[in-house]
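Structure at a glance
For reference, the chains in residue letters:
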Amino acid sequence: MHGLINKAIQSFVCQTYGVVRWDQVTTAAGLGFSEFEAMLVYDDQHTIDLITALMSEFDRPLPDVLEDMGTFLVSHPQMEPLRRLLRFGGETYVDFLHSLDDLPDRTRLAVSDLHLPAMELVDHSVASYTLICQPGLPGFGFVMMGILRAMADDYGALVMLDHDGVRGATEYISITLIETAFAAGREFDLGARAG
Amino acid sequence: MTSSNDIADVLDRLCPMYLMLDKDGRVGQVGATLQKLRPKVPMAGRLFLDLFEVLRPRRVASNADLAALGHTKLRLSFLDSPRTSLKGVLVPIPQGFVVNLSFGISLLEAVQDYALTSADFAATDLAIELLYLVEAKSAAMEASRSLNKRLRGAMIAAEEQAFTDTLTGLKNRRALDHILTRLAGAGANFAVLSLDLDYFKLVNDTLGHAAGDHVLQHVAKIMVEETRENDTVSRAGGDEFILVFDNVRDQAMIERIAKRLIERIKQPIPFDGQTCRVSASIGIAISGRRPECTPAHLIHQADMALYAAKHASRATWRVFDSAMMVDGVPVRAAAGNNIGEGNTAPQGGV
């Protein structure tokens, strides 16, 4: 698994629960190390062990933990560069939703060996969508739930999200757009490059 | 015939950084984004050459020069500040010219200077993708840079802790100090042999560093072959080697080893079609279970003996004798010494 994904898990746990907790998780996972490098590729088993340890160390259902991680990836100040990259997806939340089809390709443009599961947005009406997350990264749909929720805040949109479950390793998320300009949202200045 | 207004309507939608010029080079319609770059200066009605400097093609200084241009690529910059550079294309039409502009490589500064948003770019413009890519690559580069920094730190730390000389694979000075401290602490009976190559500098200077490195590796191999597994062979630096023999029962054994080393090292060493010739001088000090023999002390004694050997002639060995020192200063072989022939100190030449 790409170091960026492992590092994202590490940053999330360290920032949310503290370094001590992270050390407990890596020890429980039997990793033998506690610091992931974003630009190295790790054995998939490391990530599986890590997620298993997360489930037992935290007394919370895994979907909730993963969704929190998705929210963290967009809303934590340390993750500002990632938020900005996602905001390049479009001017409105609906533009952003449509840009998700391109997200894996965009990601590969930046980091050629980082493969995210393919995604497809189906629009049922102007206010109702389904995001289909193809197999490849189990639980990715829950992380996307957190990202979609945090990005709605970022755009100032009001949405309702539901994880419609997993069918044959494909995950389905239903998105109901209640209001596009519910709040002011956060600034996105094209020229203000995140440090 | 299509009117200027019809063309402008289409251009407004397709390319928001266009200008229409009449035959005299005066600006008519202007794209919204281009006008946004100079909000206080309406471009319509101004002369094109009063707004922009034409960098390419060269020598477009007058409206007549401009009028003479056919369909051509342009490089421009604003005449006033910020002097954003622009790339573009000029197309003659019956009413005059259409000029379409874009930022090209100056895009990054432009979005900052003019607070542009994605709505300011044509739907087909790759500007947003370019900006995305620049940020994504910067973030990835930053992650790589921080990895490199940490790896470098780790490498330096590992080198500092290393016990191996990377060139020869022998123990290094650090390892030697550890071993000597251990032996001295155990009150062991051990010997220190200090070996220095003769003519090594000559090889390095005449045949180059690669030859010098090869000689060091070759000599290191000989030393490993001529010693027992439990003995320590270390490179103290440059062409100096220190060998430590544990559990030394008789001095004669060490002298035999010194003799064999000298004999083998002076054999010509072929390298890259050439022949390197060096020899070895050796000084020996034996602990003899004396409590005052600290590791530093023994190395010093071996160095004194080496000094005496070098002074006598090359490719020889000496065993340390207290007569080699007077008040801690080595006695010079040339000045009526105790080290020459007939000396009681064991000596050897091959």
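It should be noted that the structure appears before, not after, this text.
What comes next concerns the included structure.

**Considering the side chain of B:Thr232**
Residue and element names in this part refer to chain B. Its location among the elements puts Thr232 in strand β8 (residues 232–237). The class for Thr232 is buried, based on a relative accessible area of 9%. Those residues in contact with Thr232 that lie beyond four places of it in its chain are Lys171, Ile179, Ile242, Leu243 and Val244.

**Some remarks on the pattern of salt bridges**
Residue and element names in this part refer to chain A. Applying the stated criterion to the full structure yields 25 salt bridges over all chains. We note a salt bridge from Arg83 to Glu80, for which the minimum N-O separation is 3.0 Å. Of this pair, Arg83 and Glu80 are both found in helix α5 (residues 80–87), 3 residues apart, which corresponds to roughly one turn of the helix. When its relative accessible area of 3% is taken as the criterion, Arg83 is described as buried.

**Notes on the packing of aromatic side chains**
As enumerated under the stated definition, the model contains 15 aromatic pairs over all chains in all. Both rings, one in B:Phe48 and one in B:Phe52, keep their centres 5.1 Å apart while their planes meet at 40°; by these two values the pair is tilted. In textbook terms, an aromatic cluster arises when at least three aromatic residues are bridged by ring pairs, as seen for A:Phe12, A:Tyr17, A:Phe58 and A:Phe72. It is A:Arg21 that lies over the ring of A:Phe58; its NZ or CZ is 4.6 Å from the centre. We note A:Arg106 situated over the ring of B:Tyr132; from NZ or CZ to the ring centre the distance is 4.7 Å.

**Observations regarding the interface of chain A and chain B**
Listed as interface residues are 18 residues of chain A and, on the opposing side, 23 residues of chain B. Between chain A and chain B the total buried area reaches about 1900 Å² when both faces are included, carbon and sulfur atoms providing 62% of it. There are 2 salt bridges connecting chain A and chain B. Linking chain A to chain B there are 6 residue pairs in polar contact (both at pLDDT 80 or more). Per element, the largest residue contribution to the side of chain A that touches chain B is 4 residues, and it comes from helix α7 (residues 103–110) of chain A. Looking at the side of chain A that touches chain B, its residues break down into 11 nonpolar, 2 polar and 5 charged.

**Regarding the sheet that holds strand β3 (residues 52–56) of chain B**
All names here are of chain B. Taking strand neighbours across the sheet as the criterion, the 6 strands line up as β2-β1-β6-β5-β4-β3 in an open arrangement whose pairing is antiparallel. In the strand order of this sheet, the two ends are held by β2 (27–30) and β3, each with one partner. Each neighbouring strand pair of the sheet contributes to a mean axis angle of 35°, computed without reference to strand direction. Pairing analysis gives 2 bridges linking strand β1 (residues 18–22) to β2, with the strands arranged antiparallel. Bridge pairing links Leu19 to Val30 in β2. On top of the sheet, helix α1 (residues 4–14) reaches β1, β2, β5 (85–93) and β6 (96–102); it is set at about 165° to β1, its chief contact.

The rules behind each value
Residues numbered from 1 in each chain as written. Chains lettered and ligands numbered in written order. Predicted model: local features only at pLDDT ≥ 70, side-chain atom pairs only at ≥ 80, totals over all residues. Heavy atoms only, no water. Helix = DSSP H or I, 4+ residues; strand = E, 2+ residues; numbered from the N terminus. Buried < 20%, exposed > 50% of the residue type's maximum accessible area, 1.4 Å probe, protein only. Contact = heavy atoms within 4.5 Å. Salt bridge = Lys/Arg side-chain N within 4 Å of Asp/Glu carboxyl O. Phe/Tyr/Trp six-rings, centres within 6.5 Å; stacked < 30°, edge-to-face > 60°. Lys NZ or Arg CZ within 6 Å of the ring centre and 35° of its normal. Buried area = accessible area lost by both parts, 1.4 Å probe. Polar contact = N/O pair within 3.5 Å; in protein donor to acceptor, adjacent residues only side chain to side chain. Nonpolar A, V, L, I, M, F, W, Y, C, P; charged D, E, K, R; others polar. Pairing = 2+ DSSP bridges. Axes fitted to C-alpha atoms, helices over the stretch in contact; angles between N-to-C directions.

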